[in-house]
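Fold and geometry: a report
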Amino acid sequence: MTTFLGPVVQGFRGSASARRGAAAALGVLAQVGGLVAAQVVGHVPGDRIAGWTAFSAVVLGLVALRHVLVLNRGFALRPGEYLLTGAGRLTAFAPAVVEVSRASGSGGGATIASILVVGGATTVFTALSLRGEEAQRLGFGSVSPRTPGHARRVAGRCRHLLGRTTNPKTRPWLRLNLADALTMQSVGADEPRGLLYEALDLLTGLIEEHPGAAPSAVAAVKIAEAADRLERVDGDLDVLDAALRRLEELGNAHPEVPQFGFALAGARSSRTHAHLWQVLDQVEVGRASRQEAVRAWEQAVADCRRARDLAPATRRAEFAIDLASVRSLGVQLDLADGQDRGAVVTAAKEDLRAAIDALPRHAAELMAATLPMLVAVVCWEASETGRADPDELRSVERRIRRSLRRTRDPAFRGALLNTLATVTALRSTVTGADSLVTTVLDLYRRAAETASGGAEVRYALEWADAAAAHDLADQAAEGYTRALRQARMVSTTGLTRDQRAFPLRRVRRAAAEAAYWLADSGRLADAVVALETGRAITLTDAVERRRLPDLLRARDHPDLAEAAGELAAELAAEPVFRPKGAQSVPVRRRLFSAQRRWLALVDRIRGVPGLEGFLLPPGYPELVTGLPHPVVYVTAAERGGLALVVEPDGDAPRLVRLPELTSADVDKAVAVFRRSREIGGAPGDSRLRRALGLMGDMLTELHAELGEHGKVTLIPLGGLGLFPLHLLDPENIPAQVSYAPNARVLTGSEGRPRAFIGSSALIADSGPPESGGLRTAEAEVRAIGRYLSGASVFRSPRPGDVLDLLTGHDLCHFACHAEAGRDDPLDGHLNLSHGRLELRDIVTKDLSGLRLVVLSACESGVPHDDLLDESLGFPGMLIEAGAGAVIGSLWKVRDDAATALMVRFYDLWQRRGVPPGKALGQAQRWLRNVTVEQLEIYAAGRFTLHLRHPGHDAGNIRPFRHPADWAAFIYMGREDHLP
């Protein structure tokens, strides 16, 4: 016994590590002693007191063991835990000595009892001293939690100590460690933004209050890490940019603090890495060149290398992984110009392997992030060379399986399972082992089911792609549907428009592919729901939120209506508000708090009868109920297109196959169309004509289907939204076709606009001198005014006055210049003489009284290129703000053609009583077929023409016969609210 206890006693005189080891040894000894005591006392019949005493000794021994194990994981026990359990242990061991000695009748029991007392008491005293050491460490140094679970315990301990101490020396360190714990706790959290906003708020305040103190130097490093994690969560770079500016200021003000230099290098590394991904996204949609991507990659490599070189030894492996990841990305995308590709690939693999080997066992997060990079490089090498080493693949698989055994965190496990599926799929291809396909699909499915948030979206898409590659329709449909549904859920929790759009960018094609495979399985109703779920998500959410107070009052819930109105007002300006600079963190934290209250309110709203599906994707019965006329969804998937015809109150949709309409062919037509816009997009431009011709050739079956209906609403998905689909077959133009962002815009029967008051505003503005003028604007509104009784004409109004006109009239007609936003949809604007009126200013207004907006302006109907399915252009966003319907142009139109079309439209609608959607279609057919002679007769007394034509054949020349002249305008929205 002396031989055993001697080193233990000596251990308590050594370092903290030695004391923890001694405490662990005595804890184990206490447990073993308790088990022996229980065995001894168990042979004494009828002695219940002794039995319960021994049982308590066993329990307390286990508690002691648990405590010392937790201590070894790092100073994170709950407040008061040591005092309570320690006191209970001492009082329980005292009667154990008496009872065990009496029951055994020999010295053995007394010896065991003595061991229990010594072990228990020593463990308690050691725990108490370590508790004090824990508080001291949290209050006088940085404690970096290693796992989210450890971070939760550290955060709780820091909050407890902050509530009890007023020491000005310890409080900064406690705040720092709390912020660090919150950042780590956000890893794998269902809603990480709130934790990150709180951490950034704590760190920002700490730096401002103690700019030259040691905690602030560490906080500078931590604020860059938290901002970088926030960017990875929702793509928000504002906070990271603010952290960069603040670090530059601190570095200049305190050059003697080396941590500022390292933190700045790390933040720049994160910023350039994020910028690289932005450039790559722009390259994908044709808005950036490959040379720009190469420059961004080279800058990211340089910044990551500098951050690695400046990092302390404890952080070097982490930044080495960042450098290796950027290099591997350059390998995969072939960005390493002028370098030997084989050497670059080998270097990237060696960098990643070395970084992985250098990671400690507990670094599960970095391991889960690094292994996919290694697999990506290996897969890229295999795809480029056509071969891969099966032994190398098995080695990577073993690494992944070891990591899976070491982590229980769902986020990390999901990433590792998805990576394991990828490398197993590659091995299946290399070895020809088709038997592994089932294993691969099962791994992808498990990864999607394990993860949450954006990761679930990504893994579900990879699962669906793998299933589609093997023609497994059911699994492909389930994967794409899962990705779409989860992306919608993530989007609804976003704070800014950018945050809501971030997950939707990942599922650009998911709705089309889900519909294709669901239709292939015969599940047509589910295919319609998938297309509806993926169309105009942000618009629908905004419309439903705006209608909510009226819906609740109608159902006799005034308290919920008031709460919803207050929160809606608080969030109303948020979609177009992107705070910058130092105020970014507190502003976004307030918005996050409002969003949390909103989500809690949504749960209560869904308990109201009739509102169970609020902000949820509708089922097929809800979609078809209330449709005013047939709706046709049109989409293009990788293997072909399809149209789904939904009849009002119909039992099942009807499928029309469009085999020529593949997503690749649509992309080609869209690329030609975009090129036409970039060089001016004149109606006679050959590229525009070619794009319209390409699209028309692919839609023969659709035109035949539309010809069977007298009235129909089209809902095109993806790049199809850039074209007037119903007009691309000039010989078979349907009688009446309108467009809608989705079917829910048509079926909403509550929250209608105010009563029609017959007030119309006609705005004529030729634009600023540099725009070249618009010579027909004045004549157009003067001619239209004849058909609208009581209409007011406004010539060259100021942008602020136009906003008042939009909120005070039933109808607004604009004859002016317009331009769609290229980089940001909110940059779309009306180009007026006194300045630009941007969409970001218009959508902050309540336009629920506006029945119809007619935009006789170029590109006024073009959806934004980034998210075509979200209808982020004038029509969709005006409807989001409350307007009932919008007429806009998909490309630039000649002035004479636009004026003639608009005058004819109002003539048919207001004088002849033709519904507006049908009137627009009839006016377009008239413009296509009208001759110069007929047009001059019609224009006489109405407006002035500026046509150039040979006068000898005016009776046969049709000046606007090509679709580029007459097909640009579309009607989007509903008609049942117009007189």
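Quick note: structure is the one above.
Owing to the predicted nature of the structure, the values given are computational and were not obtained by experimental measurement.

Topic: the overall build of the chain
- Broken down by element type, the chain carries 39 helices and 14 strands.
- Restricting to contacts in the chain with at least 6 residues of sequence separation, those with at least 24 account for 73%.

Comments concerning helix α20 (residues 473-492)
- The first and last C-alpha atoms of α20 sit 29 Å apart over 20 residues, in line with the 28 Å expected at 1.5 Å per residue.
- Of all the 20 residues making up α20, 14 are buried; the element is thus mostly covered by neighbouring parts of the structure.

With respect to unusual backbone geometry
- Despite not being glycine, Asp556 shows a phi value in the positive range, around 65°.
- Within the secondary structure layout, Asp556 lies in the loop between α24 (537-554) and α25 (558-572).
- With phi around 50°, Ser796 is a residue other than glycine that occupies positive phi space.
- One can find Ser796 in the loop between β7 (792-795) and α33 (799-808).
- In this structure Ser796 comes out as partly exposed when scored by relative accessible area, which is 27%.

Examining a positive patch on the surface
- A contiguous patch of positive charge on the surface is contributed by Arg398, Arg401, Arg402, Arg405, Arg406 and Arg446.
- Counting residues per element, the positive patch draws most heavily on helix α16 (residues 390-406), which supplies five residues.
- Assignment of secondary structure puts Arg405 in helix α16.

Considerations on the sheet that holds strand β11 (residues 835-838)
- The strand order across the open sheet built from three strands is β9-β10-β11, with neighbouring strands paired in antiparallel fashion. Each having just a single partner strand, β9 (817-819) and β11 make up the two edges of the open sheet. Going from strand to strand, the sheet's axes swing by 25° on average, the running direction of each strand aside.
- The sheet contact formed by strand β10 (residues 829-832) and β11 spans four bridges and is antiparallel.

A short note on the pairing of strand β1 (residues 631-637)
- Within β1, seven of the seven residues are buried, leaving the element largely enclosed by the surrounding structure.
- Side chains Val631, Tyr633, Thr635 and Ala637 project from β1 onto one buried face, and the interleaved Val632, Val634 and Ala636 project onto a second face that is buried too.
- For β1 and strand β2 (residues 640-646), the ladder comprises seven bridges, and the chain directions are antiparallel. What sits directly across from Val631, in β2, is Val646.
- Both β1 and strand β4 (residues 712-716) contribute to a ladder of four bridges, which runs parallel. Each residue of the ladder has a partner; that of Tyr633, found in β4, is Ile715.

Describing the packing of aromatic side chains
- With the rule as written, the count across this model stands at five aromatic pairs.
- Here Phe905 and Tyr906 contribute two aromatic rings whose centre-to-centre distance is 5.0 Å and whose plane-to-plane angle is 70°, an arrangement assigned as edge-to-face. For the pair Phe905 and Tyr906, a shared accessibility class is recorded, and that class is buried.
- Members of the aromatic cluster, each reached through a chain of ring pairs, are Phe905, Tyr906 and Trp909.
- It is Arg942 that lies over the ring of Tyr938; its NZ or CZ is 4.0 Å from the centre.

So, the pattern of salt bridges
- One pass over the full model with this rule turns up 22 salt bridges.
- Within this structure, Asp827, Arg836, Glu838 and Arg840 form a network of salt bridges that share partners.

Brief notes about the nonpolar core
- In this structure, Tyr633, Leu661, Met695, Phe723, Leu725 and Phe814 are the most contacted members of the largest nonpolar core, which totals 259 residues.
- With eleven residues, the single largest contributor to this core is helix α15 (residues 364-385).
- Excluding residues that lie within four positions of it along the chain, Tyr633 makes contacts with Val528, Leu531, Glu532, Leu623, Leu642, Ala643, Leu644, Val646, Ile715 and Ala743.
- Counting 16 residues, the second largest nonpolar core, distinct from the first, contains Ala561, Ala594, Leu601 and Phe614.

Points about the packing of helix α32 (residues 777-785) against helix α36 (residues 895-911)
- It is the contact of α32 with α36, at a shortest axis distance of 9 Å, that shows an interaxial angle of 10°. In terms of their interaxial angle, α32 and α36 are classed as roughly parallel. Note on element contacts: α36 touches α32 through Ala898, Thr899, Met902, Val903 and Tyr906, opposite Glu780, Ala783 and Ile784.
- Its residues assigned to classes, the contact of α32 with α36 shows six nonpolar, one polar and one charged.

With respect to the environment of Gly835
- Locating Gly835 in the fold gives a position in strand β11.
- Linking Gly835 and Arg798, residues 37 residues apart in sequence, is a C-alpha distance of 7.3 Å.

A few points about the side chain of Arg488
- Along the chain, the position of Arg488 falls in helix α20.
- Overall, Arg488 belongs to the buried group, its relative accessible area being 2%.
- Residues within four places of Arg488 in sequence aside, it is in contact with Thr533, Ile537, Asp541, Leu615, Leu616, Pro617 and Arg744.

Structural notes on α16
- With 17 residues, α16 extends 25 Å from end C-alpha to end C-alpha; this agrees with the ideal 24 Å at 1.5 Å per step.
- For α16, the complete set of buried residues consists of Glu392, Leu393, Val396, Glu397, Arg399, Ile400, Ser403 and Leu404. Projected down its long axis, α16 shows its buried positions confined to an angular sector of 160°, all on one face. Pointing more than 90 degrees away from the buried face of α16 are the exposed residues Asp391 and Arg405.

A word on the packing of α20 against helix α22 (residues 510-520)
- Contact geometry of α20 with α22 gives a least axis separation of 8 Å together with a crossing angle of 150°. Here the hand of the crossing between α20 and α22 comes out left-handed. The segment α20 lies against α22, with Ala473, Ala476, Ala477, Tyr480, Thr481 and Leu484 engaging Ala510, Ala511, Glu513, Ala514, Trp517, Leu518 and Asp520.

Some words on the environment of Arg775
- As for its placement among the helices and strands, Arg775 is situated in the loop between β6 (760-764) and α32.
- Note: C-alpha distance between Arg775 and Asp896 (121 residues apart in sequence) is 9.4 Å.
- For Arg775, the residues in contact, after removing those within four places along its chain, are Asp895, Asp896 and His946.

A closer look at the environment of Met902
- Its location among the elements puts Met902 in helix α36.
- Met902 gets classed as buried once you look at its relative accessible area, which sits at 0%.
- In this structure the C-alpha to C-alpha distance between Met902 and Ala783, which are 119 residues apart in sequence, comes to 9.4 Å.
- If sequence neighbours within four positions are ignored, Met902 has contacts with Glu780, Ile784, His813, Val854, Ser856, Ile887 and Phe969.

The rules we used
- Residues numbered from 1 in each chain as written.
- Predicted model: local features only at pLDDT ≥ 70, side-chain atom pairs only at ≥ 80, totals over all residues.
- Heavy atoms only, no water.
- Helix = DSSP H or I, 4+ residues; strand = E, 2+ residues; numbered from the N terminus.
- Contact = heavy atoms within 4.5 Å.
- Expected span 1.5 Å × (residues − 1).
- Buried < 20%, exposed > 50% of the residue type's maximum accessible area, 1.4 Å probe, protein only.
- Patch = residues over 30% accessible without salt bridge, like charges linked within 9 Å, V, L, I, M, F, W, Y side chains within 5 Å.
- Areas by Shrake-Rupley, 256 points an atom, 1.4 Å probe, with all protein chains shown as cover.
- Salt bridge = Lys/Arg side-chain N within 4 Å of Asp/Glu carboxyl O.
- Lys, Arg positive; Asp, Glu negative; His and termini not counted.
- Charge placed at Lys NZ, Arg CZ, Asp CG, Glu CD.
- Pairing = 2+ DSSP bridges.
- Axes fitted to C-alpha atoms, helices over the stretch in contact; angles between N-to-C directions.
- Phe/Tyr/Trp six-rings, centres within 6.5 Å; stacked < 30°, edge-to-face > 60°.
- Lys NZ or Arg CZ within 6 Å of the ring centre and 35° of its normal.
- Core = buried A, V, L, I, M, F, W, Y, C linked by side-chain atoms within 4.5 Å.
- Parallel < 35°, antiparallel > 145°, perpendicular 65-115°, else oblique.
- Nonpolar A, V, L, I, M, F, W, Y, C, P; charged D, E, K, R; others polar.
- Arc of directions from axis to C-beta.
- Left-handed = near helix turned anticlockwise from the far one by under 90°.

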